[in-house]
Amino acid sequence: MKESRKNLISILLIAGLFLLLFIMEQTMSPTHMIFTVLKKGAIYALVAVSMNLLNGFTGLFSLGQAGFMLIGAYTYAILTIPTGSKDVVYRYYDCIVNFSLPEAASSVFGEAAGTMVGVILALICAGIAAGFFAWLVGLPVLRLKSDYLAIATLGFAEIIRAVFQWDGLGPVTNGSNLLKHFPTFSSTLFPFAVSAICICIIVLLINSSFGRAFKAIREDEIAAEAMGINLARHKMMAFVTSSFFAGVGGALLAMFQTTVAASQFKAAMTYEILLIVVIGGIGSVTGSVISSFLFIACSEWWLRFLDESKYNILGLDILRGGFRKVVFSVIIMIMVLFYRRGIMGTREFSLDFFTRRMKRKRAAAGKGGRGNA
Amino acid sequence: MAIKWRFHFIAMNTKPKGDSLTMEFFGKYLSYILAGISVGGQYALIAIGYTMVYGILRLINFAHGDIFMCAGLMMIYAVTAMPLYLAAPLVIVITVLLGFVIERVAYKPLRTAPRMSIMISAIGVSYLLQNLAFYITGGLAKTYPSIPWISDKIQIGTAITKRVTVVTPILTVALVVALVLLIKHTKIGMAMRAVSKDFETSQLMGIKINSVISATFIVGSFLAAVGSILYFTNYTGVTPTIGAMPGLKAFVAAVFGGIGSIPGAVVGAFIIGICENIIKSLGGTWTNFSDAFTFVLLIVILMAKPTGLFGEKQTDKV
């Protein structure tokens, strides 16, 4: 298939997906579970792909994702809380951030467009803040190898969490209290659009010469260095880029939840994302995307019936709150033990994948036919 | 340790009468230091499990903290059914079994897989144990039973504390000495040392790798069970996620002391336990940072001496 035709089909497919989402939103009840799954799935897809860039493509085993998401979520919330609501949100502190990006932008671009511009600016700021912290953290940490890097980044995520809950930063972060009243989204299209753009950028990066350098580092650091790849620079670049998108993902998560609290960004969240990456296949972008939707759908929606105590098996009260999670974790264990390479392995799901399959099938059918004759 | 000395120093400097002030300092902070030593001993018992498993399998056993939590939870259910002198040994035995079964089911099939897979498996086990605990308890904090002799109140100097505070360091040191003797002077100990030096060669020499690894997990789980009895005597609320933080800190202690080294893990655990409690004693906003400080310590040691206090230096061959 020609390159230009392939691109056209991809664009048409993506447009079709967005159209489908739009139609679904118009026709279905907005409280339907599927919208929760789609929104959260899109956000987790972005975070999982950003983690995959680091763990799967560059081979840096980092466990700091939750910390960078926290920075993104807080940056977004702090920059966008309307000035009118500051007193309500910062009940115990005098807020020192006395502006709000959407309001500032509204005064320039008008109400509707201004809010949108402000929100997008705040999302970018969230990414930049996370990326900047990643740069600071990366300076000392990236010299470490494998497990030591993992535990050091995990440690930094915990430190970040403690710092954001600190009273001394109360005028900015509201201490250990919730941040709320910032602009959120109601349509599923918004997180889809943002995630799609970000994932596209990551894919472009992976397919560029930087991406090839990342993969070289993953395969063999010493050989890569011998080939003239600047290890420190490329590792830092992967780390900062990954954290930038984790920050944007964190900001989206804040919008999805409508409130932010530092206490939720624990190591458990990083583990969850890591599981998504592994189930999707380490080193496969589409794998991460597919598995994040499956993961969220399983944990939030499909297994929901297991928590209801109305079905009793053998008169035993097995099905009650929490059973869903047990079944879910057993499924994950089975995946980890028996499908070690994940859903996609290191392959990518693409149009080529389909056409090659079809060609192979046709060839096999042709051979079979000749054999019979 | 550093902070303790700094305080000492300030106390000495600000007022001239050093000797009585030292007494005053200890009087004021004695209870915190005692608590630090006690919790340090408990971390040490968990940390040994981490460091031994890492030494042999090169695996961060993320499920170890949750085994510790399970031991605590089982104790709560066990004492409702039987007297304590039966419950405690039974809980230890079941915890050891749990550790053994986890290794056989979740780690053994992945022995030839890349190291990442086995670590993910450990995270999966941790997730499973937490969710199972959540399902069984309904997510509510359960109160740990008070164990007669060790939870009695006693007075040391000016501080009033539970007897477990004194028992923990003694018991920890005794167990560690026993463990070191086991590793230095028995056949299985020799096998453990050999496997941790070189996995494949020791296999070629006829060491049964699987039984050595099982033995490692059995020792680790046993110590975690003992640790849980001591730990939950002081901190009585058991929730499904309670194992995560002590587990993480114990792992940090293991890294701090040089991973793979048992004395290192013990020293690291005591240092972390004491520092953490001294920070708590400063009161106010500092208490927020008692957990974070552990990680600051970790990062400082990793920067200054990447293999920890007692770790062996490894060189990569091309």
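Counting restarts for each chain, with residues numbered from 1 along the sequence as it is written. Starting at A for chains and at 1 for ligands, labels are handed out in the order in which the entities are written. Local features are withheld for residues below a pLDDT of 70 in this predicted model, meaning they are given only at 70 or higher, and side-chain atom pairs are given and counted only at 80 or more; totals for whole chains, interfaces and linings count all residues. The side-chain values count all of the structure's non-hydrogen atoms but skip hydrogen atoms and water molecules.

## Overview of the overall build of chain A
Helix and strand definitions here come from DSSP, where helices need a minimum of 4 consecutive H or I residues and strands a minimum of 2 consecutive E residues; each element is numbered from the N-terminal end. In terms of helices and strands, chain A carries 16 helices and two strands. Each radius of gyration reported is based on C-alpha atoms, and the globular scaling rule is 2.2 Å times the count of residues to the power 0.38. The C-alpha radius of gyration of chain A comes to 23 Å, within 12% of the 21 Å expected for a compact globule of 373 residues. Principal-axis analysis of the C-alpha atoms gives chain A an extent of 85 × 65 × 50 Å. Accessible area of chain A: about 17400 Å², with a carbon and sulfur share of 66%. Here, Shrake-Rupley sampling with a 1.4 Å probe gives the accessible areas, and only protein chains in the shown set may cover a residue.

## Focus: the confidence of the model for chain B
Residues and elements named next belong to chain B. On a scale of 0 to 100, pLDDT captures the predictor's confidence in every residue. Mean pLDDT for chain B: 84, with 89% of residues reaching 70 or above. Looking over chain B, one finds the lowest element-wise mean pLDDT in helix α1 (residues 2-14), namely 44, and the highest in helix α4 (residues 84-107), namely 93. What makes two residues a contact is simply this: any of their non-hydrogen atoms within 4.5 Å. For the stretch residues 1-17, pLDDT sits under 50, and the model shows 14 contacts to residues farther than four places along the chain or on other chains.

## Focus: the layout of surface pockets
Residues and elements named next belong to chain A. As a volume, the second largest pocket reaches approximately 1800 Å³. Looking at the second largest pocket, it is lined by 41 residues, and the ones nearest its centre are Ile14, Ile199, Cys200, Thr286 and Phe349. Elements represented by at least two residues in the lining of the second largest pocket include exactly α1 (3-27), α2 (33-57), α9 (189-207), α10 (209-219), α14 (285-302) and α16 (351-372). Across the lining of the second largest pocket, the residue classes tally to 27 nonpolar, eight polar and six charged. For cavity detection a 1 Å grid was placed over the protein atoms alone, and a set of points counts as a cavity when a 1.4 Å probe fits there but cannot get out; an open set counts as a pocket when protein lies on both sides within 12 Å along at least five of seven lines, with lining residues being those that have an atom within 4 Å of a point. Grid points are joined across faces, edges and corners, and a volume is the space filled by probe spheres set on the points. Ten residue types, Ala, Val, Leu, Ile, Met, Phe, Trp, Tyr, Cys and Pro, are classed as nonpolar, four, Asp, Glu, Lys and Arg, as charged, and the remainder, Gly among them, as polar.

## Concerning α10 of chain A
Residue and element names in this part refer to chain A. Each residue's exposure class comes from its accessible area (1.4 Å probe, protein chains only) as a fraction of the maximum for that residue type: buried when under 20%, exposed when over 50%, partly exposed otherwise. Within α10 the residues assigned to the buried category are Gly211, Ala213, Phe214 and Ile217. Projection of α10 onto a plane perpendicular to its axis shows the buried side chains occupying an angular sector of 160°, all on one side. Exposed residues pointing more than 90 degrees away from the buried face of α10 are listed as Arg212 and Glu219. Those residues of α10 that are buried are in contact with α2, α9, α11 (221-226) and α12 (231-257). The arc under discussion is defined with respect to the helix axis, by the directions toward the C-beta atoms.

## A short note on a positive patch on the surface
Taken together, Arg341, Arg347, Arg356, Arg357, Lys359, Arg360, Lys361 and Arg362 of chain A make up a surface patch of like positive charges. Looking at where Arg347 of chain A falls in the secondary structure, it is placed in the loop between α15 (323-338) and α16. Each patch is built from residues that are more than 30% exposed by relative accessible area and take part in no salt bridge. Like charges join if they lie within 9 Å; nonpolar side chains (Val, Leu, Ile, Met, Phe, Trp, Tyr) join within 5 Å. The salt bridge criterion pairs a side-chain nitrogen of Lys or Arg with a carboxyl oxygen of Asp or Glu, the two atoms within 4 Å. For this count, His and the chain ends are skipped, Lys and Arg are scored as positive, and Asp and Glu as negative. Lys charges are placed at NZ, Arg charges at CZ, Asp charges at CG and Glu charges at CD.

## Section: the interface of chain A and chain B
You'll often see interface size given as the accessible area lost when the parts meet. Listed per partner, the contact involves 48 residues of chain A and 45 residues of chain B. Buried area: the accessible area, evaluated with a 1.4 Å probe, that two parts lose upon being put together, summed over both parts. With both chains or domains summed, chain A and chain B bury close to 3900 Å², and 76% of this area falls on carbon and sulfur atoms. Across the contact surface, chain A and chain B share one salt bridge. Between Asp147 of chain A and Arg115 of chain B there is a salt bridge whose closest N-O contact spans 2.4 Å. For this analysis, a polar contact is any N or O atom pair within 3.5 Å, provided that within protein one partner can donate a hydrogen and the other can accept it, and provided that sequence-adjacent residues contribute only side-chain to side-chain pairs. The interface formed by chain A and chain B includes five residue pairs in polar contact (both at pLDDT 80 or more). For the side of chain A that touches chain B, the secondary-structure elements that each account for two or more residues are α6 (111-141), α7 (146-164), α13 (267-280) and α15 of chain A. With 13 residues, the top contributor of residues to the side of chain A that touches chain B is α7 of chain A. Within the side of chain A that touches chain B, the residues separate by chemical class into 30 nonpolar, seven polar and eleven charged.

## Looking at the nonpolar core
Residues grouped as a nonpolar core are buried Ala, Val, Leu, Ile, Met, Phe, Trp, Tyr and Cys residues, joined through side-chain atoms within 4.5 Å. The biggest cluster of nonpolar side chains holds 204 residues, and the ones touching the most others in it are Leu179 of chain A together with Tyr107 of chain B. Once residues lying within four places of it in the same chain are set aside, the contact partners of Tyr107 of chain B are Leu59, Asn61, Ala63, Ile102, Ile118, Ser121, Ala122, Val125 and Phe217 of chain B. Listed in part, the seven residues of the second largest apolar core include Ile34, Phe35, Leu38 and Ala42 of chain A.

## Here we look at the side chain of Ser290 of chain B
Mapped onto the fold, Ser290 of chain B is located in helix α12 (residues 289-304). Residues in contact with Ser290 of chain B, not counting those within four places in the same chain, are Glu276, Ile279 and Lys280 of chain B.

## Points about the pattern of salt bridges
Counting across every chain of the model gives ten salt bridges over all chains. Residue Lys235 of chain A pairs with Glu221 of chain A through a salt bridge whose shortest N-O separation is 3.0 Å. Here Lys235 of chain A, found in helix α12, pairs with Glu221 of chain A, found in helix α11; they are 14 residues apart in sequence, far enough to count as distant. Overall, the relative accessible area of 7% leaves Lys235 of chain A in the buried class. The partly exposed category is assigned to Glu221 of chain A, whose relative accessible area is 23%. Taken together, the salt bridges that share partners define one network made up of Lys249, Glu276, Lys280 and Asp291 of chain B.

## A closer look at the packing of aromatic side chains
Ring geometry is summarised as follows: Phe, Tyr and Trp rings, the Trp one being its six-membered ring, pair when their centres sit within 6.5 Å, and such pairs are stacked at plane angles under 30 degrees, edge-to-face over 60 and tilted between the two. Following the criterion strictly, the structure yields 22 aromatic pairs over all chains and no others. What links up through ring pairs into an aromatic cluster is the set Phe68, Tyr144, Tyr231, Phe232 and Tyr235 of chain B.

## Re the environment of Asn234 of chain B
All names here are of chain B. Among the structural elements, Asn234 can be located in helix α9 (residues 209-234). When the C-alpha atoms of Asn234 and Ala35 are compared, they prove to be 9.2 Å apart, with 199 residues separating the residues in sequence. Among the polar contacts listed, one links the side chain of Asn234 to the side chain of Ser38, at a separation of 3.5 Å.

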